[in-house]
Each structure stands twice: as structure tokens, then as C-alpha cells.
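Results of the structural survey
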Amino acid sequence: MRLLSDEGDTRVMAAGYVMAAADFEVLDRGPEAVPERVLPPFALVDALPPAAVEQARFWEQHVVEVLTGLPPDVPEGTSPRPEYDPAWRTLMEREAAKVAELAAGGQQISKRTFLRMRQRYEAEGLWGLVDGRSRKPPVPVPGTGRTDERVVEAVTEALAGQTDLSTGDRKRLMLRAEQILAAKHGEEAVKLLPTRATFYRLVNSLARNNASFGSATVRRQRALRPVGPFTPSMAARPGEIVQIDSTRLDVMAVLDDGVVARPDLTIAVDVTTRTICAALLRPAGTKGVDAAVLLARMLVPEPMRPGWSQTLAMSDSILPHQRLMAVDARLEKAAAKPVIVPDTIVIDHGKVFVSDTFSSACSLLGISLQLARPRTPTDKAIVERTFASINSLFCQYVAGYTGFDVTRRGSDPASEAVWTSLSSRTSWTSGSSAGSSVRTRACAIPIWRGGRCRRTSRTPSLSPAPGICPLLCRQRITSNCCPRSGGPSTTTASRSTTAPTTAPSSTGYGGSRPG
């Protein structure tokens, strides 16, 4: 800093040393002095909504004109208007003139309000003219209002602790929040809790869809949802990633031993094409060897079955059938299902898929296994969604449908079961269907006794053809369990002479199934 004495001598001194002197004083105060400008907090102003900043700029023009006689950013040499000239008007007169001018323009404001705005501008700059509602800091958690952050933290922790517990009410949650506050911040912090009604409203804002007070199953499922990946995994070609899983169908079926139960369905879905590579239906209790059989069925063509429409054949599809025939002659009478050789199979931690049998089969074929995270069905979401589609597009139209939980189950779906689950359903051999011999299943349970079904005690509504079970599978009766049969338990028959496969429906839907 360069200083000039009364005698005209100059001296250079440090600015900090000069301002720290006890007799230092700013002397440029007077009518000609420029009002002190306060640097506004630009970072806070930039974070405001554009409408709030525009309104603050509007008031700044009028306040500056009252203080200095000229609005900001006017050309140099401009003379102030007579009613705002500081040389002829006092500050109060200039304020009164500004209030009258604003009122004439439709902006009603009192002298007291304008005085407070001027004082805030002198103390805080542009930030002092911002609407107070916009100046409030954002609430850390939306919907919590003025509740203390420690209370919000305690309630959030208490809600998170409800995931694995049985469903309770909000009163129990309030007691748990009190315990957390006392443990972390002392007994005095318990007084920060609001009233019960306010606490309940706070809980409703923090609890998403009130999952903490609804179904415990839904709450645990939502807790298992993972955070979205930064880069999702993609499969660029068929077979690169295949997802496999097993579930119990929501349909009652008659098993080989006559027991009515829900069979297990195991499928493999290709991620790229969404093709069901193979499917296997088994009675309850899928084994590791069944998963290995499913893997083998993925690698061979699917033969056409008796009764299938010719439109399902590979020769009538868009697949290059002639070119594929040159590679594998078995495709001559194959169904229009592509043969996809998997590179990686995504499995869960089910004992069927982590068994030595399935692992050895994958190792022999050079297939890598990728384990999903425990209790994270979203790691194989495609196969899970396929099961949901099978349930909604097929199972609900089948007699004996149970619904996906007990709350949606009918009064007695077991009595409606008319489908059979054959343990030899997957014993079809590949190759030509003409002349192939298979073993047809005998009628599973003793049906007739005194003209009524021994299982349901009902009289069949349809007149059965000779030798045909009218109530269950409508297969040709070959077991001595029926008085009409008298034959051996199993026979050898040609596929081309398989009995009709249409089953009567006790629910009114009707349908057909593979023989």
C-alpha cells in the first residue's frame, strides 16, 4: 500500500499492518461516498430457482436507485431523477417516492416492508432480497419437515430393523425409536420425539408404501432388490449366458402313485434370444440327475410329437433348415426349437444345481457355472419372469390351478385336478416318430367303484368310451385298477396309435395336454 503524507512524501507499507493499527479509520464517508457493496454469496444464489433469482434482481434495481439515486448498470454520466437525487432528497423521501412508484405500477408494498428490504440489502447484498421461503436449506429427507435430524435417523434405523421381524404396528416402532435415541444421544434426546400423531405422519413419509406394516414376505423381497449396476451385463450372441431355475407349478396334478400334488418345472432360458432352451416336468423333488437330463436336452434337437401341427416343424420355420440338415440329419423331423449350446449357466444355490451330478455334467461339456447371490432373484431375473409368464399365460387356465399363494387359492383345487404327471414324460427318443415304441402309463388310481370315482366320489359327466378313463387323463386304460380293463399294468404301443389327449375340465376351461 502506498501512503501520501500532508507534506507530499510517499511511503510503502503492508496493507495488513496499516489496517491493524489502533487509529485506522475509513474516512470516505459523506454525501459523495459510494455505499459499501456486500459481496453476495454467489454459490447460494446460483443454487436458487431461476424465478427466485429474477425476483431478487428486480428488487435490487429499486433498492440501489433509492440508495444511490441511479439504478445499477446505467450509462456513465446519467443524472438521477429528481425524486431520487441524494443531493435534494433524504433517504426517507426517496423510499416514499419508490413505494408510490411501485404502487402506481401495480406492485403494492408498504414503507415498512421496503425499509426491511433495504436494510437486508445493505447487510447481505443480493442474498438479502431473496424470498425467505427459497432461502431455507433443503430438508435432508423429504417429508420430514422441521423434525430433528437425530429423530429422523432413529426412525429410519428402526424401519430398517423391521425387515426380518414379524409385522408390528407403529406404536412398537415408536418404542424402538426411543431406545435408539437413548442409546446414541442419551436420555435427553428422547424428548425430541414429536407427539404420537406427528410421529405417525413422519413414519408414513419415511416408510415406502408402508411396507414395514404390510406383508412380511413383500417387505423381505423388496429388501433384496439390489442397487442398479453401473454397467449391466449383456449377452451378444445365443448361448453366451443361459439362466436355469426350478419352481413348483401352481397346478394340481395326479402323480404316478395317485397322489395329487404340484409338479416341479425346470427350464433353461437363453438371455440373448429369450428362448426356452429346454424344459423338464417332474413330480415334487427334482434331483441333480434331472438337471443333467435338462442340460442334455438343450444340446439335441426337439423331435416332433404326435398330434403337433406341421407349422411347429423346423422345416416350416424361418430357421435355415436345409443348411442345418447338412450338419445334423436328426433335424429332418425336428421341432422349430433352436439348439443352443451354452457357454455360461447362471444358477442359484439350490442343491439341484450345486450337486456333483450337474457340476460334473457342465464340466464335461465345457460349460462354466456362475452362482447368483444368495436370496437375490434379480441376478437371474429373465428366468424368474419366464416362470411368471407361464403362470399367467398357461397355468391359470388349467383345471386344478392353485394361485400363487394361499390367499388366492380356491376351496378345493385338488378335487379339480385332471392332469397327470408322468415320470416317463421325458423318455421320448429322438429320431423318427413312426414305429417308435414307448410305454404308456396305466391309469394311476382305482377310478371306478359302483359307478363313481373312488377319489372324488363323483359321477363322470361324460360317457366314457370303452377302455378310456373319463375323469382323469383319458388315456387308454391298461391297468387292472379299473373293473373295465383287466389288462396288464403297462403295454407297448406305437406313438401313431396313442389315445386321445383331450381332458375334461371341471373348471369350464377345457384343454389338451401332451400324451
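Up top you'll find the structure we're talking about.
Residues numbered from 1 in each chain as written. Predicted model: local features only at pLDDT ≥ 70, side-chain atom pairs only at ≥ 80, totals over all residues. Heavy atoms only, no water.

What to know about the overall build of the protein chain
- Summing up its helical and strand segments, the protein chain has 14 helices and 15 strands in all.
- By residue count, 35% of the 515 residues in the protein chain fall in the buried class.
- Sequence-distant contacts in the protein chain: of pairs separated by 6 or more residues, those separated by 24 or more amount to 58%.
- When the accessible surface of the protein chain is split by element, carbon and sulfur atoms take 54% of a total near 30900 Å². (Helix = DSSP H or I, 4+ residues; strand = E, 2+ residues; numbered from the N terminus. Buried < 20%, exposed > 50% of the residue type's maximum accessible area, 1.4 Å probe, protein only. Contact = heavy atoms within 4.5 Å. Areas by Shrake-Rupley, 256 points an atom, 1.4 Å probe, with all protein chains shown as cover.)

A short note on the side chain of Thr266
- Following the sequence through the fold, Thr266 ends up in strand β6 (residues 264-270).
- Excluding residues that lie within four positions of it along the chain, Thr266 makes contacts with Ile244, Asp245, Ser246, Ala278, Ala279, Leu280, Thr286, Leu294 and Phe353.

Examining helix α4 (residues 91-104)
- Relative to the 20 Å expected for 14 residues at 1.5 Å per residue, α4 spans 20 Å between its end C-alpha atoms, a close match to the ideal helical length.
- In the segment just after α4, Gly106 is the residue with positive phi, at about 95°. (Expected span 1.5 Å × (residues − 1).)

Regarding the sheet that holds strand β7 (residues 276-282)
- Taken in spatial order, the five strands make up an open sheet running β7-β6-β3-β8-β9, and their pairing is mixed. Each edge of the sheet is formed by a strand with only one pairing partner; in this case those strands are β7 and β9 (368-371). Sheet twist, expressed as the mean angle between neighbouring strand axes with direction ignored, is 20°.
- Bridge count for strand β3 (residues 242-248) against strand β8 (residues 344-347) is two bridges, and the pairing is parallel. If you follow Val242 over to β8, its bridge partner there is Ile345. (Pairing = 2+ DSSP bridges. Axes fitted to C-alpha atoms, helices over the stretch in contact; angles between N-to-C directions.)

Topic: the environment of Met1
- Within the fold, Met1 resides in the segment before β1 (2-4).
- Overall, the relative accessible area of 43% leaves Met1 in the partly exposed class.
- Taking the C-alpha atoms as reference points, Met1 and Tyr17, separated by 16 residues in sequence, lie 9.8 Å from one another.
- Among all residues touching Met1, those that are not within four sequence positions of it are Arg11, Val12, Met13, Ala15 and Val18.

Examining the packing of helix α7 (residues 149-160) against helix α9 (residues 196-206)
- It is the contact of α7 with α9, at a shortest axis distance of 11 Å, that shows an interaxial angle of 60°. The orientation of α7 with respect to α9, classified from their angle, is oblique. As α7 runs across α9, the sense of the crossing is right-handed. Of the residues in α9, those in contact with Val151, Val152, Val155, Thr156 and Leu159 of α7 are Phe199, Leu202, Val203 and Leu206. (Parallel < 35°, antiparallel > 145°, perpendicular 65-115°, else oblique. Left-handed = near helix turned anticlockwise from the far one by under 90°.)

Thoughts on the pairing of β9
- Summarising the sheet, β8 and β9 pair through four bridges and their orientation is parallel. When the sheet's bridge partners are listed, Ile345 is paired in β9 with Leu369.
- For the segment spanning β8, helix α13 (residues 356-364) and β9, crossover handedness is right-handed. (Right-handed = clockwise from strand over helix to strand, strands pointing away.)

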